[in-house]
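Coordinate inspection notes
Okay, here's what each chain looks like letter by letter:
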Amino acid sequence: SVFLHSVAVAYYSYRLAKMFRCSQREQELIRGALLHDYFLYDWHHCRTKGMPHGFSHPQRAYENAKADFAVTALEADIIRKHMFPLTWRPPRYKESAIVCLVDKACAIYETLRMGRYQTLRRRFALPD
């Protein structure tokens with residue numbers, strides 16, 4: 001699910017940032033990662049603005065997040081640029097680059113292993 005994917009991206013982004021001691025703004029990193037796919041439609045059956053989902057959903061997620069939450073500049077950058085290089089501009093902050101990389105790693109894991117995330121499910125009592 002998009003929920004489990006977003007939790008995984010947030011968790012592993014946080015862990016990676018801690019491991020490399022490269023983030024002083026952990027709350028913003030986690031919030032941006034949790035909101036990076038906040039597009040609120042079934043992407044399997046929808047094309048937005050005539051563009052494929054991969055190109056268009058970061059902007060839609062940003063617009064939805066901005067409408068529902070007070071989004072900081074860092075969180076906005078994480079949300080809008082997590083699909084780089086499909087989005088033309090690269091991440092501006094190191095936290096944005098971390099989320100971008102972790103998002104791709106999680107997508108590969110989900111594709112190859114069907115997104116089980118058993119460790120996360122047990123640690124945070126997430127539903128199957």
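Preceding this section is the structure that the text describes.
Residues numbered from 1 in each chain as written. Predicted model: local features only at pLDDT ≥ 70, side-chain atom pairs only at ≥ 80, totals over all residues. Heavy atoms only, no water.

**Points about unusual backbone geometry**
That bond from Phe84 to Pro85 is cis: its omega, 15 degrees, falls within 30 degrees of zero. Note on placement: Pro85 falls in the loop between helix 4 (73-81) and helix 5 (94-113). Residue Arg21 is not a glycine yet carries a positive backbone phi of 50 degrees. Relative to the helices and strands, Arg21 is located in the loop between helix 1 (2-19) and helix 2 (26-35). (Helix = DSSP H or I, 4+ residues; strand = E, 2+ residues; numbered from the N terminus.)

**Brief notes about helix 5**
An ideal rise of 1.5 Å per residue puts 28 Å on 20 residues; helix 5 measures up with 28 Å between its terminal C-alpha atoms. For helix 5, the complete set of buried residues consists of Glu95, Ser96, Ile98, Val99, Cys100, Val102, Asp103 and Cys106. Where helix 5 is buried, its residues meet helix 1, helix 2 and helix 4. (Expected span 1.5 Å × (residues − 1). Buried < 20%, exposed > 50% of the residue type's maximum accessible area, 1.4 Å probe, protein only. Contact = heavy atoms within 4.5 Å.)

**Points about the packing of aromatic side chains**
In this description, a pair of aromatic rings is defined by centroid distance and the angle of the planes. Evaluation of the coordinates by the stated rule reveals four aromatic pairs. Their ring planes at 75 degrees and their centres at 4.9 Å tell us that Tyr11 and Tyr12 sit as a pair that is edge-to-face. Overall, Tyr12 belongs to the partly exposed group, its relative accessible area being 31%. Consider the rings of Tyr109 and Tyr117, whose centres lie 4.8 Å apart with planes at 45 degrees: the pair is tilted. The class of Tyr109 is partly exposed, set by a relative accessible area of 24%. Members of the aromatic cluster, connected to one another through ring pairs, are Tyr11, Tyr12 and Phe124. Directly above the ring of Tyr93 sits Arg25, whose terminal nitrogen or CZ lies 5.2 Å from the centroid. Arg80 extends its terminal NZ or CZ atom over the ring of Tyr62, reaching a point 4.8 Å from the ring centre. (Phe/Tyr/Trp six-rings, centres within 6.5 Å; stacked < 30°, edge-to-face > 60°. Lys NZ or Arg CZ within 6 Å of the ring centre and 35° of its normal.)

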